[in-house]
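Fold and geometry: a report
Residue-level listing of the chains:
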Amino acid sequence: MILHARLFLLILVAHLLMSDKSMVIFAESPSNEPLPFLNADFFADSLSDAYTVEEEDPMGSQRLLQVRDSALSPSVSASTSYNYTSNPDKVENPTRRDGTTLNLSLTFNLGLGEYGLGDEVILAPALSFVQMRTFTDPLHDFGNEMTVYDLDTQIASLSFPFVLPNEFSLILSHSYVVPSTFRGRKEIISYSNTPGLAFSKNFILQNGDSINFTVGTSYTFSEGDTLEQQINDPVYFSFIEAVMQQNGSSPISDYPSNLQDSVTMSLSLTYSKALSETISLSPTLSYQSISFTEGANKSREDEIYNVGISASKIFAEWLTLSGLVNYSVKKTNDINTSEFDDFIGGITLGVNHSF
Amino acid sequence: MIFSFPCTLRCEELVEDIFNRGIELQNKREFDGALWELNKAMGMVKNNYNHHLRAKIEEAIRVTKGKMVVSKYASRKRGNRLLGDGDELDTIENEPFDFVVDQVFGKSLARKVWGNRDELKYEDPVGLGRTITVLPGGGIELSANFSSGFSIRSVQAASFSLVSETELSLHSGSYCLYSTNSDNAIKITSVLADLEVSSKQPFAMMVGVTTNGGMKVIGLLGRIQLTMDGETNEILPGNLIFCLPNDFSRKMDVELNTLRLTSKLLNSFKEPVIFHKKLNQQALLQGFRTQNRFRSTVGDVRGNQNFEVTVFPEE
């Protein structure tokens, strides 16, 4: 049996050697056939040392590109970010300080083609689906207290960016957001539909840096739990309802399911500086005004001011590492809502692949 | 199997017959016919690289094309001498407004058929049959009167002849051709290539005569059909293709944004090309579709088949 096995191995090795040899011969055998066209890999290795000083061509410099054939452009990306926050509870006088969060997200983007409109406008619609999971206080510095903030978020969005002349662009969008819990029983916290409109202008500076100014507005149609659904105890709710009615308010009209309906106005200014081909820096200033329109929130106005800086380094076409620091302040005219300030810093590692 | 042998034999005879007919016509100085026959023979052996006549046919095509150019040049010289009285050229006052100078800078000359114009100026007429020479540092834009919307631009050292309403002969230099009309058809010839250009929609393209006498064509706007020796290729904005002596090269994509910023054909004139907004739009569309940008630019063709690619160093 062992002899048979050895004999088999010997024949196998001999066969492999022979076949290898024949492959080498085949590869080395010169072909007399003239090539009908230039080799597909004509700009691969042989050109790396073919640098010559080019004569000026009146037709212009003809830089080679690889252009996608298909109209659709699908891509997937995944990222993980680890952030520090100075105010984990987002309240005016926090009892807990110095929290952390861990975010995992998976995104699928589908570019739906690019279309020229008239002589100067381009429309490039795109679909996007995002699945995100947030772990609050992943290191459990505060025991299990913060796990109530752990949530999943699903976002589906459709955008219609119109690229206009002179570096202007107009973006019509719609997004559908569903946050839900994932600890214990999965419960959907709310739904929201947000149609939006943004207008932006890019200023390209002489040194190659750019400044982007964006102004936008959106309306959020929300659908969440009413007060009765939140309390989920008929006896206790009856008690609360009676107390509220004595004070001249009603839980049904003050806490409707669309309590978070709001109009958002936003302004942002971003400076983009490329430090090298792979490293870029982007300081940002932004302002957001949110005017709530329903129930007890009617006439509530929140304002959020934000200043931040982010840096990113592209290690490969598919791998990016970025870091950010951000300081934000929230103001409101509602006495029942907390004003706060928060400092956030973190790093994000992202991978992406375009098909 | 039964039919393949006689068929092969018959094809063999046919190729040889056609080749001989081509040579015979070449000897009789009937170059158009000779080229037609030789191209037909070449088409029959196109995929048969081992055919014993292939090399001979290729050589005969090259020789015929060369002889044709010399013959055209000689006949035009003879033709010019016959104009008017003996060697007299027609007077420039009689020159028709087949083309009109729309823009000009530097120095451009017009020769043949009518009296010499040593410095073409704005709104000068240029008749069909003229040969235009653009001197180094100069540039000219001509628009056609017989077909409103068709224009040709050239800069730096260039020389071309306006053969007819549908034919241009490019001797050297670089050109930008564009038409705002639908259903365009034009023949462009260089020393080694006869190219038929057609487009059902308005189009714009750049053409450069390469060192080997072929052409480099870059699509700027529209779907442009290029036909050469019976073979047709379609080019879209950003596509670059070479017209080599026997064939088209592979089609490549070049960056329109870089092109529109660096092209003297597009930027040297006071007035931009009429399609500059549409070109910007195409450059942006190409930007959206770009997957990779290579550190290399396309150059000239000096030999018969290989074109130059320049790799530029990292910053």
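Everything numeric in this text was worked out from a predicted model, so none of it was measured.

Here is what the cut-offs are and how they apply
- Residues numbered from 1 in each chain as written.
- Chains lettered and ligands numbered in written order.
- Predicted model: local features only at pLDDT ≥ 70, side-chain atom pairs only at ≥ 80, totals over all residues.
- Helix = DSSP H or I, 4+ residues; strand = E, 2+ residues; numbered from the N terminus.
- Buried ≥ 20, exposed ≤ 12 C-beta atoms within 10 Å, placed from the backbone.
- Contact = placed C-beta atoms within 7 Å.
- Nonpolar A, V, L, I, M, F, W, Y, C, P; charged D, E, K, R; others polar.
- Pairing = 2+ DSSP bridges.
- Core = buried A, V, L, I, M, F, W, Y, C linked by C-beta atoms within 7 Å.
- pLDDT = per-residue confidence, 0-100.
- Expected span 1.5 Å × (residues − 1).

If you tally the helices and strands in chain A, you get 4 helices and 15 strands. Looking at chain A residue by residue over its 355 residues, the buried ones come to 10%. In chain A, of all internal contacts separated by at least 6 residues, the share reaching a separation of at least 24 is 57%.

So, about the overall build of chain B. For chain B, the count of helices and strands is 6 helices and 17 strands. Long-range pairs, those at least 24 residues apart, make up 47% of the contacts in chain B with a sequence separation of at least 6.

What follows covers the interface of chain A and chain B. Listed by partner, the interface residues are 30 residues for chain A and 44 residues for chain B. Here the side of chain A that touches chain B takes 5 residues from strand S1 (residues 63-67) of chain A, the largest share from any one element. Here the residues of the side of chain A that touches chain B sort into 16 nonpolar, 7 polar and 7 charged. Here S1 of chain A pairs with strand S16 (residues 290-301) of chain B via 4 bridges, running antiparallel. By the bridge assignment for S16 of chain B, Arg63 of chain A is matched with Thr297 of chain B.

So, on to unusual backbone geometry. A positive phi angle, close to 55°, is found at Lys90 of chain A, a residue other than glycine. Position of Lys90 of chain A among the secondary structure elements: in the loop between strand S2 (73-85) and strand S3 (99-111). The residue Gln156 of chain B is not glycine, and still its phi comes out positive at about 55°. With respect to the element layout, Gln156 of chain B can be found in strand S6 (residues 150-164).

What follows covers the nonpolar core. Residues and elements named next belong to chain B. Counting residues in hydrophobic clusters, the biggest one holds 66 residues, and the most contacted among them are Met205, Met206, Val207, Val217 and Cys243. Every residue in contact with Cys243, bar those within four places of it in the chain, is listed here: Ala193, Leu195, Gly214, Met215, Val217, Met228 and Phe248. Among the nonpolar cores identified, the runner-up in size contains 13 residues, and Val15, Ile18, Phe19 and Leu35 belong to it.

Residue and element names in this part refer to chain A. Of the pairings in the sheet, the one linking S2 to strand S15 (residues 340-354) comprises 11 bridges and is antiparallel in character. In the strand pairing of S15, Ser81 is matched with Thr348. Sheet analysis places strand S14 (residues 319-332) next to S15, joined by 12 bridges and oriented antiparallel. Counterpart to Lys330 in the pairing with S15 is Phe340.

With that out of the way, let us pick up the environment of Val207 of chain B. Residues and elements named next belong to chain B. Turning to its location among the elements, Val207 is positioned in strand S10 (residues 203-209). Val207 sits 19 residues away from Ile188 along the chain, and the two C-alpha atoms are 9.4 Å apart. Once residues lying within four places of it in the same chain are set aside, the contact partners of Val207 are Leu170, Tyr175, Leu177, Ile188, Met215 and Val217.

Okay, the confidence of the model for chain A next. Confidence in the prediction for chain A averages 82 pLDDT; 85% of positions are at 70 or higher. Here residues 7-54 of chain A is a poorly scored stretch, pLDDT under 50, and it has 25 contacts once near neighbours within four places are set aside; other chains count.

Moving on, we come to helix H6 (residues 276-289) of chain B. With 14 residues, H6 of chain B extends 20 Å between its outermost C-alpha atoms, agreeing within 8% with the 20 Å of an ideal straight helix rising 1.5 Å per residue. By the burial criterion, the buried members of H6 of chain B are Lys278, Leu279, Gln281, Gln282, Leu284, Leu285, Gln286 and Arg289 of chain B.

Now for the pairing of strand S11 (residues 215-221) of chain B. Residue and element names in this part refer to chain B. Within S11, 7 of the 7 residues are buried, which leaves the element mostly enclosed by the surrounding structure. As defined by bridge partners, S10 adjoins S11 across 6 bridges and the pair is classed as antiparallel. Its bridge partner lying in S11, Val207 is registered against Val217. Counted along the chain from S10 to the antiparallel partner S11, the turn is 5 residues long, and its residue Gly213 has a positive phi close to 95°. With 4 bridges connecting them, S11 and strand S14 (residues 239-243) associate as antiparallel partners. Across the sheet, the residue bridging to Met215 is Cys243, located in S14.

Residue and element names in this part refer to chain A. With 13 residues, helix H3 (residues 234-246) ought to run about 18 Å at 1.5 Å a step, and its terminal C-alpha atoms sit 18 Å apart, in line with that. Of all the 13 residues making up H3, 0 are buried; the element is thus mostly uncovered. In the stretch just after H3, Gly248 is the one whose phi turns positive, near 85°.

Residue and element names in this part refer to chain A. Within the secondary structure, Thr214 sits in strand S10 (residues 210-224). Residue Thr214 is classed as partly exposed on the basis of its 17 C-beta neighbours within 10 Å. Put simply, Thr214 and Ala198 are 16 residues apart on the chain and 6.8 Å apart in space, counted from C-alpha to C-alpha. Those residues in contact with Thr214, other than ones at most four positions away along the chain, are Ala198, Ser200 and Ser268.

Now for the confidence of the model for chain B. All names here are of chain B. Mean pLDDT over chain B: 86, with 90% of residues reaching 70 or higher. This model gives residues 78-86 a pLDDT under 50, and the stretch forms 11 contacts once residues within four places in sequence are excluded. Taken over the whole predicted complex, pTM reads 0.68, whereas the ipTM for its chain interfaces reads 0.72.

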